[in-house]
Amino acid sequence: MNKTFRKIFVEDKNTSKLIKSFNGLSAFVILALIFIFSVYKINYKFDFSSILPYKNKIIKAYATTLMIGIFSMIGALIIGTVMAIFKRSKYMILKYFSKLYIELIRGTPFLIQIFFFYFIIATAFGLNNKYILGCIILAVFSGAYVTEIIRGGLESISMSQHLSADSLGFTIFQKYRYVIFPQVIKRILPALTGQLSTLIKDSSLLSVIAVSELSMNILEIDSLNFHTFENLTLLGILYLTITIPISILSKKLERKYHYET
Amino acid sequence: MKLKFKNVCKNYGNQVVLNNLTGVVSNAKAIVIIGPSGGGKSTLLRILAGLEDPDSGKITLNNHILPKSHKDIREYRKQMAVVFQAFNLFPHLSAIDNIALPLEKVHNFSKSESINRGYKLLEQFKIEEHKDKKPNQLSGGQKQRVAIARAFALNPEVMFLDEPTSALDPDLTYEVLDAIKELKRNNKQLILVTHEMKFAREIGDYGMFIKDGIIFESGEANAFFNNPKSESLKRFLDRGM
């Protein structure tokens, strides 16, 4: 291969930031060109000003999606931790409860779960607030995946670490708090933040039970201004403004917890 | 150290690991357990250290009786300390924090006291310059010395060492053996599983030879090493020379 070509396009440990940015930018330009070309082909003129009148509606919906995301992630983490502990429990009923939960949630479409919760469980227990209900549904759904992530992390810690902590006289709680979980967190962080991004995107499905979140509002605006391309482009960008910071935060945390094993 | 055990059995599945062991050691400072790999030495050590329960049998170490209930075993473990073959340091903590964490959390020292004590021990075992390194930045010998310091820091009644040099390069072995001699100089009671015969002779005052889950021979170190009675110990020692 030509030397200059290699230097510009093939990554090695000497590759400078400049060359990396150049490659990143090129990839972006290629994608943008495809998009622009498509728009050009269908001969469409973008007019984002048509969205402006709905500014406040969008801000409110954005905040709703953010809040639902935060609360359901907290819920999912709690459910995931508890269920992962249940799954390793010596009490069989807890173990099987956790297994059943994971199989049911992962084996059925989210949409079905939303309807099931909404029409049956919420009605039976008199849960009327759709936002709380939405958070619960998302937390229960995402919790199953978080359970598996945490379980995988716990299982990846070798027995010798448990043995070592036991021999030093740690209580079970101290062992998990100071020895096991700090190591688990480092290993599961990438998967966990990926799950958080998925959760943010999945919250759009809550529109089917009329939770007034971002996607639902944009679709409502769409039925008023008929500027579908602009509306959907904005919707995509708004989701990215949540998910990209999550990725960046994840990278930062990974570096913070970084140590070789 | 007084050690008495009677009819100790341990199976893993169908495999008999310890086959009805019985023994009495009335007065020893350092018991060395030797024997071929897979013979049951480490299992016996883990049982004595309270990390595993025997299937049957009763053990008395000084004035402790084993096996203990789930609740009491932690108290027992707090008074003992174990050094493992694979070091088993906590990879997310620096050398000094590896020593300080159990002092602070298990033995209720203040944080600064724990760190001070950890530092003194790192000095004693000549690794103070590496105090802020994570285990992966340390050599095998350094790791094992940190592990020994961590165990010693707890001021244990008895220290158990499970093949502490087996995972080390030969040229790193001596520094760990030096560290163990330091324990002996500090009058620690030791129970040690080792393949280093020369070292075993040097440090042990009581020997135990375990093979195929059976104690073939045991006794005062002098007679045990220099004048073995059983054929299998004789052969084992000859080969180990």
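What counts, and where the lines are drawn
- Residues numbered from 1 in each chain as written.
- Chains lettered and ligands numbered in written order.
- Predicted model: local features only at pLDDT ≥ 70, side-chain atom pairs only at ≥ 80, totals over all residues.
- Helix = DSSP H or I, 4+ residues; strand = E, 2+ residues; numbered from the N terminus.
- Rg over C-alpha atoms; globule rule 2.2 N^0.38 Å.
- Buried ≥ 20, exposed ≤ 12 C-beta atoms within 10 Å, placed from the backbone.
- Contact = placed C-beta atoms within 7 Å.
- Axes fitted to C-alpha atoms, helices over the stretch in contact; angles between N-to-C directions.
- Parallel < 35°, antiparallel > 145°, perpendicular 65-115°, else oblique.
- Left-handed = near helix turned anticlockwise from the far one by under 90°.
- Nonpolar A, V, L, I, M, F, W, Y, C, P; charged D, E, K, R; others polar.
- Domains from an automatic or database assignment.
- Pairing = 2+ DSSP bridges.
- Expected span 1.5 Å × (residues − 1).
- Arc of directions from axis to C-beta.
- pLDDT = per-residue confidence, 0-100.

## Notes on the overall build of chain A
- When you go through chain A residue by residue, the secondary structure sums to 10 helices and zero strands.
- In chain A, the succession of helices and strands from N to C terminus is α-α-α-α-α-α-α-α-α-α.
- On C-alpha atoms alone, chain A measures out to a radius of gyration of 23 Å, which is more than a quarter above the 18 Å that the 2.2 N^0.38 rule sets for 261 residues.
- C-alpha extents for chain A along the principal axes are approximately 70 × 65 × 30 Å.
- Relative to its 261 residues, chain A shows a buried fraction of 26%.
- Contacts in chain A between residues at least 24 apart in sequence constitute 78% of all its contacts with a sequence separation of at least 6.

## Considerations on the overall build of chain B
- Scanning chain B from N- to C-terminus turns up nine helices and 10 strands.
- Radius of gyration (C-alpha) of chain B: 18 Å, near the 18 Å computed for a compact globule of 241 residues.
- Expressed as lengths along the three principal axes of its C-alpha atoms, the size of chain B is roughly 50 × 40 × 35 Å.
- In chain B, which comprises 241 residues, the proportion classed as buried is 47%.

## Concerning the packing of helix α4 (residues 92-107) of chain A against helix α6 (residues 130-156) of chain A
Residues and elements named next belong to chain A.
- It is at 9 Å that the axes of α4 and α6 come closest, and there the two elements cross at 120 degrees. Of the possible angle classes, the one that applies to α4 and α6 is oblique. Once α4 is placed against α6, the crossing between them reads as left-handed. Contacts between α4 and α6 involve Ser98, Tyr101, Ile102, Ile105 and Arg106 from the first element and Val140, Phe141, Ala144, Thr147 and Glu148 from the second.
- Across the contact of α4 with α6, the residue classes break down as six nonpolar, two polar and two charged.

## What about the environment of Asp169 of chain B?
- Along the chain, Asp169 of chain B falls in the loop between β7 (158-162) and α6 (170-185).
- Taking the C-alpha atoms as reference points, Asp169 of chain B and Leu48 of chain B, separated by 121 residues in sequence, lie 28 Å from one another.

## Some words on the domain arrangement of chain A
- Under the domain assignment, chain A is made up of domain 1 (3-41) and domain 2 (58-256).
- One C-alpha centre belongs to domain 1 of chain A, the other to domain 2 of chain A; they are set 34 Å apart.

## Brief notes about the pairing of strand β9 (residues 206-211) of chain B
All names here are of chain B.
- Extensive coverage of β9 is indicated by the burial of five of its six residues.
- Pairing geometry for strand β3 (residues 30-34) and β9, over four bridges, is parallel. By the bridge assignment, Ile33 is partnered in β9 with Met208.
- As paired strands, β9 and strand β10 (residues 214-220) are joined by six bridges and run antiparallel to one another. Within β10, the position partnered with Gly207 by the bridge is Gly219.

## Here we look at the interface of chain A and chain B
- Residue-level contacts link 19 residues of chain A with 18 residues of chain B.
- At the level of secondary structure, the elements contributing two or more residues to the side of chain A that touches chain B comprise α7 (159-167) and α8 (172-202) of chain A.
- In terms of residue class, the side of chain A that touches chain B is built from seven nonpolar, nine polar and three charged.

## With respect to the pairing of β3 of chain B
Residue and element names in this part refer to chain B.
- Burial of β3 is extensive: five of the five residues sit out of reach of the surface.
- Residues Ala30, Val32 and Ile34 line one face of β3 and the alternating positions Ile31 and Ile33 line the opposite face, and both faces are buried.
- The pairing of β3 with strand β8 (residues 189-193) spans four bridges and is classified as parallel. Along β8, the bridge assignment pairs Val32 with Leu192.

## A closer look at the packing of helix α3 (residues 95-105) of chain B against helix α5 (residues 140-153) of chain B
Residue and element names in this part refer to chain B.
- At a closest axis distance of 9 Å, the pairing of α3 and α5 adopts a crossing angle of 20 degrees. The angle between α3 and α5 falls in the class roughly parallel. Crossing angle aside, the handedness with which α3 passes α5 is right-handed. Between α3 and α5, the residues in contact are Ala95, Asn98, Ile99, Pro102 and Leu103 and Val146, Ala149, Arg150 and Ala153, respectively.
- Among the residues forming the contact of α3 with α5, the class breakdown is seven nonpolar, one polar and one charged.

## A short note on the sheet that holds strand β1 (residues 3-12) of chain B
Residue and element names in this part refer to chain B.
- Taken together, four strands build an open sheet; the order of strands is β2-β1-β4-β5 and the sheet is antiparallel. At either margin of the open sheet sits one strand with a lone partner, and together these are β2 (15-25) and β5 (64-66). On average, each strand axis in the sheet is tilted by 20 degrees relative to the strand beside it, whichever way the strands run.
- Relative to β2, helix α1 (residues 41-48) is tilted by about 60 degrees, and along the sheet it contacts β1, β2 and β4 (56-61).

## Focus: α6 of chain B
Residues and elements named next belong to chain B.
- Here α6 is 16 residues long and its end C-alpha atoms lie 23 Å apart, about the 22 Å a rise of 1.5 Å per residue gives.
- By the burial criterion, the buried members of α6 are Val176, Leu177, Ala179, Ile180 and Leu183. One face of α6 carries all of its buried residues, which in axial projection span an arc of 155 degrees. Of the residues in α6, the exposed ones pointing more than 90 degrees away from the buried face are Asp171 and Arg185.
- Buried positions along α6 lie against α5, β7, β8 and α7 (197-203).

## Considerations on the confidence of the model for chain B
Residues and elements named next belong to chain B.
- Looking at chain B, the pLDDT average stands at 91 and 99% of residues meet or exceed 70.
- Mean pLDDT values over the elements of chain B span from 85, in helix α9 (residues 231-240), up to 95, in α3.
- Overall fold confidence (pTM) sits at 0.81, and the ipTM for the predicted complex is 0.87.

## Some thoughts on the sheet that holds β9 of chain B
All names here are of chain B.
- If you trace the six strands from one edge of the open sheet to the other, you get β6-β7-β8-β3-β9-β10, paired in mixed fashion. Looking at strand neighbours, the two that pair on one side only are β6 (80-83) and β10, the edges of this open sheet. Within the sheet, the average angular offset between the axes of one strand and its neighbour, ignoring direction, is 15 degrees.

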